[in-house]
Amino acid sequence: MTDAIRQEFITLRREVIAAEFAALNDMQREAVLATEGPLLLLAGAGSGKTTVLINRIANLVQFGAGADTDRIPAGVGETDLAFLRLYLASGDNPALRQAGATRARELCAVNPVRPWEILAITFTNKAADELKIRLENKLGGSARDIWAMTFHAASVRILRRFIDRLGFDSGFTIYDTADSQSLMKRILKDLNLDEKSFPYRSVLAEISRAKDALLNSKAYLESAEGAQDYRKRHIGAAYAEYQKRLRAADALDFDDLLYMTVKLLQSEPEVLAHYQRQFRYVLIDEYQDTNNLQYLFSSLLAGGHGNICVVGDDDQSIYKFRGATIQNILNFEHQYPDARVIRLEQNYRSTGHILGAANAVIKNNMGRKGKNLWTEQADGEKLTHYAAMNQEDEAAYVAQAILDHFGKGGKWGEHAVLYRMNALSNQLEYAFKRNGIPYKVIGGTRFFDRAEIKDVLAYLAVVANPADDLRLLRIINVPARGIGQTSAERLRESSLTAGRPISETIQHVRDYPELQRSATKLIRFGNLLEDLREKAAQMPLDQFYDLLLDATGYLSMLQEKPEENAARIENIQELKSNIVSYMQNSEDGSLKGFLDEIALYTDLDNLDPDADAAVMMTMHSAKGLEFPHVYLVGIEEGIFPGHRVLGDPEEMEEERRLCYVALTRAKSKLHLISANQRLLFGRTTANQTSRFLEEIPADYVEKEGIHRPAYGSASWDVSFDDEAQGGYSSGANTRRSQMPVRDRKSWSHPMSPTGGAPQGLPAFQKGDQVTHKAFGRGMITDVQPVGNDALIEIAFDDMGTKRLMLRAAAKQMTKV
DNA sequence: TGACCACAGTTTTTT
DNA sequence: ACTGTGGTCA
């Protein structure tokens with residue numbers, strides 16, 4: 001084979017493969033084809049990062065190293081070259097191209113990758129799921145074998161197989177944050193550590209930091225001995241105790257999952273070799289958010305073949321508070337001197353104005369790699385900054401804008417409201433409820449953090465793992481079994497001294513003189529658990545779940561107060577739907593498997609793209625998502641940026657990055673809302689508008705609302721009716737801006753506790769024909785007074801029946 | 001032992 | 001505002 005043939009073959013091969021990815025832009029394609037060796041992909045917001053990941057994996061599976069290697073199959077000759085030339089020239093002839101496709105692919109593939117040789121790591125389950133779905137669409141069923149999952153899920157998978165080498169049982173349970181917290185509270189109490197100087201949260205945070213630095217409690221204590229640090233010594237003791245009890249309960253916390261995996265890979269050469277051999281290609285998404293453990297995890301696993309591709313954006317690093325270090329991405333080129341760097345800077349998501357605003361804001365940060373996103377899109381609408389009177393006005397404005405858009409044929413799901421902290425979502429929820437806007441809150445008090453869910457899951461966990469003391473204690477007296485705190489405490493202490501799990505102690509309760517008082521009850525409880533364990537082995541999970549709810553008396557406990565517990569009962573039912581869908585999606589359908597999945601699960605994964613509903617979530621949760629219309633609320637100093645970062649330039653930069661993330665979620669219209677005064681955490685404050693707003697060029701922004709609040713200077717005699725009928729329509733903004741700053745409560749809750757008809761309710765009654773701006777024509781079918789408002793039911797011609805609050809609805813309706 | 005009440009502390013973000 | 005805790009009383 002001559003050199004010329006070699007060269008031309010390599011060139012043609014790359015062109016053939018490149019043609020498969022013709023839909024991408026040059027940089028994206030570059031990133032897809034650069035398969036070999038370390039690659040740093042700096043992908044700006046909305047630059048098609050996920051598309052690149054998908055196509056990159058597709059390329060690996062189809063062509064292996066074909067596009068990025070000098071290796072040539074033996075026996076390539078002139079005929080093959082001629083064929084490839086012809087094939088490439090056939091671009092506009094589909095029939096010809098199709099005929100040659102198979103041969104071309106075979107000829108160009110070099111050692112195609114098998115799916116399980118790819119490790120693709122993401123941060124959230126949501127991102128992992130999306131990746132899996134899109135891969136399956138592209139590659140078919142074999143895509144299921146790709147290791148596309150979160151750091152934690154991958155760790156669990158590795159640990160389940162090999163953790164016995166560290167002396168742990170492979171059936172370990174996973175403790176979530178709440179579990180860790182209650183365990184730590186216990187420990188601090190037992191160690192007699194004052195909760196003021198040793199808040200459980202900061203102790204846990206310190207332990208988490210130690211684990212991230214790969215320090216076990218001993219190593220941590222050693223560092224404390226040297227420093228003679230009193231605080232550290234106590235925390236070290238708590239750390240040791242914490243790990244001891246986790247161990248006794250056969251449990252790992254979130255940090256342990258990564259920590260143990262890294263330890264395992266470092267100390268067991270065989271295991272390391274196994275996975276290094278297996279993972280020919282490693283991809284890490286959101287690399288700017290990795291912490292030290294995750295960095296080690298990635299480096300170790302990619303260490304065999306050295307094909308590591310990390311994707312990230314230093315401007316979107318927003319998780320420093322949980323140990324993420326932006327250094328990982330900044331140092332990548334030092335770690336791998338031969339690394340290639342590819343930048344994706346073309347944004348396909350946002351309009352020019354939105355992108356311009358985001359660029360202008362992030363420009364104020366020092367210490368970034370430097371990058372300027374650009375777009376081919378038109379400038380689009382300007383951003384809107386609405387300065388609201390207070391949080392109610394803010395919520396009303398958002399609701400109004402959404403209703404307007406819906407009235408023009410838009411979809412609910414095109415809107416997302418983002419805020420800095422969950423506490424800001426309340427007013428919005430009320431406003432959305434009143435106006436009949438379907439919505440979904442992501443995060444906040446999470447489904448799996450609800451007491452009833454934790455209770456039921458605790459039962460399942462104890463059934464699966466009798467050694468799980470923490471969860472056993474949670475449910476030992478729920479529902480009440482006459483095993484009170486004192487009995488439970490005594491039981492716990494006896495088990496501790498005996499060094500056996502509580503469930504074992506219960507089985508041998510007769511051997512413990514100090515437990516005789518509650519022995520009968522304990523035995524009954526122990527029998528219940530035994531019984532459940534037997535049943536669990538005999539029937540499918542969903543059936544067992546029903547049985548458990550019944551046998552434990554948990555359901556009947558809730559049913560004693562049906563009204564009060566309606567939501568709880570519903571939640572428990574909803575958990576069953578989780579079980580059923582788990583059974584459909586997993587091969588083994590085991591209880592353990594279910595608990596694993598649940599332990600790594602968050603509400604974010606619930607975002608159902610098919611349901612048409614506006615969404616609200618924190619700016620953090622919104623990372624990676626996009627929406628046509630975005631509302632950023634609470635854009636005030638002290639809230640965003642939050643008050644705790646005001647004195648700290650580094651923290652401020654993180655906050656600004658968060659702002660960048662938030663701004664770049666919007667595709668076509670961005671509303672920024674600040675309130676002149678806000679009731680938060682029980683206090684009313686008057687915040688200045690956020691500095692981030694000042695950083696956006698003024699000619700990108702249209703201002704609405706009350707921009708220079710001169711408290712008390714405006715006219716005060718605006719009658720209620722005026723306000724109610726005037727509404728919040730976009731045309732009425734000028735009028736609104738003249739409204740006085742005044743506490744609405746003074747009129748919306750008149751001081752008339754002795755009953756009588758509510759004051760100033762808009763005059764609508766049963767039977768009225770109305771036209772609603774968003775929902776069209778309809779008839780009022782019911783009016784129920786509720787407090788100072790009324791709940792009305794309207795049968796709309798096209799929208800079905802809706803229940804709205806009268807005061808809010810009146811602003812949208814006219815009588816026909 | 002469990003129900004009820006007052007009180008305080010906490011309100012960033014996630015696996 | 002809200003929740004969880006701790007104390008008191010039946």
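## Some remarks on unusual backbone geometry
The peptide bond linking V478 to P479 adopts the cis configuration, its omega dihedral lying at 0 degrees. Within the secondary structure layout, P479 lies in the loop between α21 (469-475) and α22 (485-498). In this structure, N111 takes a positive phi of about 55 degrees despite not being glycine. Here N111 shows up in the loop between α5 (94-108) and β2 (118-122). Backbone geometry places E286, a non-glycine residue, at a positive phi of 50 degrees. Within the secondary structure layout, E286 lies in the loop between β6 (281-284) and α14 (292-302).

## Description of the packing of helix α8 (residues 177-190) against helix α11 (residues 230-248)
Relative orientation of the contacting elements α8 and α11 amounts to 125 degrees, with a least axis distance of 10 Å. Here α8 lies oblique to α11, going by the angle between them. Note that α8 runs across α11; the crossing there is right-handed. Touching S180, L183, M184, R186, I187, L188 and D190 of α8 are A238, E241, Y242, R245 and L246, all from α11.

## As for the side chain of T552
Here T552 lies in the loop between α25 (541-551) and α26 (554-559). Within the local environment of T552, its side chain forms a polar contact with the backbone nitrogen of Y554, the two atoms lying 3.2 Å apart. Dropping the residues within four chain positions of it, T552 is found in contact with Y459, P479, R481, L528 and L532.

## Digging into the pattern of salt bridges
Using the criterion set out here, one finds 52 salt bridges in the structure. Several salt bridges converge on common partners, so that one network encompasses R186, D190, E241, K244, R245 and R492.

## Section: the nonpolar core
Core analysis: the largest hydrophobic core is formed by 79 residues, its most contacted members being V398, F432 and L632. Sorting elements by how many residues they give to this core places helix α18 (residues 391-407) first, with 8 residues. When near neighbours in sequence (up to four residues on either side) are disregarded, F432 contacts V398, A399, I402, V417, I437, Y439, A614 and M616. Among the nonpolar cores identified, the runner-up in size contains 52 residues, and L53, L84, Y281 and C309 belong to it.

## Topic: the pairing of strand β13 (residues 627-633)
Burial analysis of β13 places 6 of its 7 residues in the buried class, the great majority of the element. Bridge count for strand β10 (residues 415-419) against β13 is 4 bridges, and the pairing is parallel. Within the sheet, the bridge partner assigned to A416 lies in β13 and is V630. Looking at chain direction, β13 and strand β14 (residues 666-675) are connected through 6 bridges and run parallel. Bridged to V633 within β14 is I673. Since β13 and β14 lie parallel, the crossover through helix α29 (residues 649-663) that links them has a hand, and here it is right-handed.

## A word on the pairing of strand β1 (residues 39-43)
For β1, a buried count of 5 out of 5 residues is recorded, marking the element as mostly surrounded by other parts of the structure. Because side chains alternate across β1, one face comprises the buried residues L39, L41 and A43, and the other comprises L40 and L42, equally buried. Direction of pairing for β1 relative to strand β8 (residues 340-344): parallel, over a ladder of 5 bridges. When the sheet's bridge partners are listed, L42 is paired in β8 with R343.

## A few points about the packing of aromatic side chains
Under the definition given, this model contains 20 aromatic pairs. Centroid distance W147 to Y275: 6.1 Å. Interplanar angle 70 degrees. Geometry classified as edge-to-face. With W147 in strand β3 (residues 147-150) and Y275 in helix α13 (residues 269-278), this pair connects stretches of sequence that are 128 residues apart. You can call W147 buried: its relative accessible area is 5%. Residue class for Y275 comes out buried when judged on its relative accessible area of 2%. Geometrically, the ring pair formed by F640 and F692 is edge-to-face, given 5.1 Å between the ring centres and 65 degrees between the ring planes. Taken as a pair, F640 in the loop between β13 and α29 and F692 in helix α30 (residues 691-694) lie far apart in primary sequence, 52 residues in all. Accessibility assignment for this pair places F640 and F692 in one class, buried. Pairwise contacts between aromatic rings join W147, F162, Y275 and F279 into one cluster. Against the face of W147 rests R157, its NZ or CZ located 4.1 Å from the ring centre. Across from the ring centre of F168, 3.9 Å away, lies the NZ or CZ of R247, which sits over that ring.

## Examining the environment of E702
On the secondary structure map, E702 appears in strand β17 (residues 701-705). With 36 residues separating them along the chain, E702 and A666 place their C-alpha atoms 16 Å apart. If we skip the residues at most four places from it in the chain, E702 touches K382, L383, T384 and H385.

## Some words on the confidence of the model for chain A
Where the model shows low pLDDT, its predicted coordinates should not be examined in detail. Residue-level pLDDT values for chain A average 83, and 90% of them are 70 or greater. Confidence over residues 709-757 falls short of pLDDT 50; this stretch has 59 contacts with residues more than four positions distant or in other chains.

## Comments concerning the sheet that holds strand β9 (residues 383-388)
Read across the open sheet, the 7 strands follow the order β11-β12-β10-β13-β14-β9-β17; overall the sheet is parallel. The open sheet is flanked by β11 (439-441) and β17, the only strands paired with a single partner. Taking the axes of each pair of neighbouring strands and ignoring which way they run, one obtains an average angle of 20 degrees across the sheet. Two elements, β11 and strand β12 (residues 614-618), share 3 bridges in a ladder whose sense is parallel. Directly across from Y439, in β12, lies its bridge partner A614. Its contacts with the sheet place helix α17 (residues 352-362) against β9 and β14, and it is angled at close to 55 degrees to β14. Here helix α19 (residues 425-434) sits on the sheet and contacts β10, β11, β12 and β13; the angle it forms with β12, its principal contact strand, is near 175 degrees.

## A word on helix α27 (residues 566-585)
For an α-helix, the turn length of 3.6 residues means that residues three or four places apart are oriented alike. With 20 residues, α27 should cover 28 Å at 1.5 Å per step; its first-to-last C-alpha distance of 29 Å lies within 8% of that length. Among the residues making up α27, those that are buried are I569, N571, I572, L575, N578, I579 and Y582. An end-on view of α27 places all buried positions within 160 degrees of arc, on one side of the element. Turned more than 90 degrees away from the buried face of α27 sit E570, Q584 and N585, all of them exposed.

## Re the environment of V783
Tracing the backbone through its elements, the reader meets V783 in strand β19 (residues 776-786). Between the alpha carbons of V783 and Q346 there is a distance of 54 Å; along the sequence they are 437 residues apart.

## What to know about the sheet that holds strand β7 (residues 308-312)
Strand order in the open sheet formed by 6 strands is β3-β2-β6-β7-β1-β8, and the pairing between neighbours is parallel. Lying at the two open borders of the sheet, with one neighbouring strand each, are β3 and β8. Averaged over all neighbouring strand pairs, the angle between strand axes comes to 15 degrees, with direction disregarded. Two elements, β2 and β6, share 4 bridges in a ladder whose sense is parallel. Across the sheet, the residue bridging to I121 is I284, located in β6. Here helix α2 (residues 26-33) sits on the sheet in contact with β1 and β8, set at roughly 145 degrees to β8. Contacts from helix α7 (residues 151-162) reach β2, β3 and β6, with the element oriented near 115 degrees to β3.

Conventions and cut-offs
- Residues numbered from 1 in each chain as written.
- Chains lettered and ligands numbered in written order.
- Predicted model: local features only at pLDDT ≥ 70, side-chain atom pairs only at ≥ 80, totals over all residues.
- Heavy atoms only, no water.
- Helix = DSSP H or I, 4+ residues; strand = E, 2+ residues; numbered from the N terminus.
- Axes fitted to C-alpha atoms, helices over the stretch in contact; angles between N-to-C directions.
- Parallel < 35°, antiparallel > 145°, perpendicular 65-115°, else oblique.
- Left-handed = near helix turned anticlockwise from the far one by under 90°.
- Contact = heavy atoms within 4.5 Å.
- Polar contact = N/O pair within 3.5 Å; in protein donor to acceptor, adjacent residues only side chain to side chain.
- Salt bridge = Lys/Arg side-chain N within 4 Å of Asp/Glu carboxyl O.
- Core = buried A, V, L, I, M, F, W, Y, C linked by side-chain atoms within 4.5 Å.
- Buried < 20%, exposed > 50% of the residue type's maximum accessible area, 1.4 Å probe, protein only.
- Pairing = 2+ DSSP bridges.
- Right-handed = clockwise from strand over helix to strand, strands pointing away.
- Phe/Tyr/Trp six-rings, centres within 6.5 Å; stacked < 30°, edge-to-face > 60°.
- Lys NZ or Arg CZ within 6 Å of the ring centre and 35° of its normal.
- pLDDT = per-residue confidence, 0-100.
- Expected span 1.5 Å × (residues − 1).
- Arc of directions from axis to C-beta.

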